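Reading the structure
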Amino acid sequence: MKRLLLPAAGLSLVAAGFGAGIAVSATAADDPAPVTVTRQSLAEVANPTGGHGRTLGLSKVVVMPGAALASHHHPGSQLGYVAEGVLTYTVETKQATLMKGPGDDPTVVKVVGPGQTVKVRPGHWLVEEQGEVHHARNAGDVPVVIYLSTLLKTGQPAAIPD
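Notes on the structure in this doc start here. Note that the structure is predicted; figures quoted are calculated from it, not measured. (Residues numbered from 1 in each chain as written. Predicted model: local features only at pLDDT ≥ 70, side-chain atom pairs only at ≥ 80, totals over all residues. Heavy atoms only, no water.)

1. Quick word on the overall build of the protein
To be explicit about the condition: Helix and strand assignments come from DSSP, with helices taken as H or I runs of at least 4 residues and strands as E runs of at least 2, each series counted from the N terminus. Any residue under 20% of the maximum accessible area for its type is buried, any over 50% is exposed, and the rest in between are partly exposed; the area is computed with a 1.4 Å probe on protein chains only. Here, two residues are considered to be in contact whenever any of their heavy atoms come within 4.5 Å of each other. Working definition of accessibility: Shrake-Rupley area with a 1.4 Å probe, residue cover restricted to the visible protein chains.
If you tally the helices and strands in the protein, you get zero helices and 14 strands. Helices and strands in the protein line up, N terminus first, as β-β-β-β-β-β-β-β-β-β-β-β-β-β. Residues classed as buried in the protein amount to 41% of the 162 residues present. Of the contacts made within the protein by residues no fewer than 6 positions apart, 75% connect residues no fewer than 24 positions apart. When the accessible surface of the protein is split by element, carbon and sulfur atoms take 55% of a total near 7900 Å².

Structural data, given as structure tokens:
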């Protein structure tokens, strides 16, 4: 068996999450298909109204079965909505809030503190604090699809490895 380390460059979640320079790892057989995390930028605007000096972004992240997102944090605000699959998400420092329901009438499922792990299921979403350190993985057998909304200082990376 060999261990693969694949960069998930430009990844913006939650995974999340979910950021540039996060290492993805998996154990593999002799001729495996790589275990990957992909990020697709769907929309982005610099200096949105009320956000001078910031960039507002929307991305789609796909976390394949067996993929893991190494410890990282975000230098701004991030929302991560799980559309498909189940993401196993662990907070290391600070806290994240697991939500469900529509954005205009949300329900708090759990405030996730240091050392706590939650399963983020379809229709649930995470509110990640700036600087909150976390890691995540897809322990299931189907891809996890996450939609991320980020508000970062313009020029800042989406995530910083820890």
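Resuming the write-up.
2. Focus on the sheet that holds strand β12 (residues 134–137)
Stated precisely, the cut-off is as follows: Two strands qualify as a pair provided DSSP detects at least 2 bridges between them.
In space, the five strands of this open sheet follow the order β10-β7-β12-β5-β14, with antiparallel pairing throughout. Either end of the sheet is taken by a strand with one partner, and the two such strands are β10 (117–120) and β14 (160–161). Judged from the four bridges that link them, strand β7 (residues 87–91) and β12 form a sheet pairing that is antiparallel. Residue pairing in the sheet places Thr-90 in a bridge with His-135 of β12.

3. Overview of the side chain of His-124
Along the chain, the position of His-124 falls in strand β11 (residues 124–128). Residues contacting His-124, with those up to four places away along its chain left out, are Gly-80, Tyr-81, Val-82, Leu-98, Met-99, Lys-100 and Val-109.

4. Regarding the pairing of strand β9 (residues 107–112)
Bridge count for strand β8 (residues 96–100) against β9 is five bridges, and the pairing is antiparallel. Within β9, the position partnered with Met-99 by the bridge is Val-108. Between the antiparallel neighbours β8 and β9 lie six residues, among them Gly-101 with a positive phi of about 90°.

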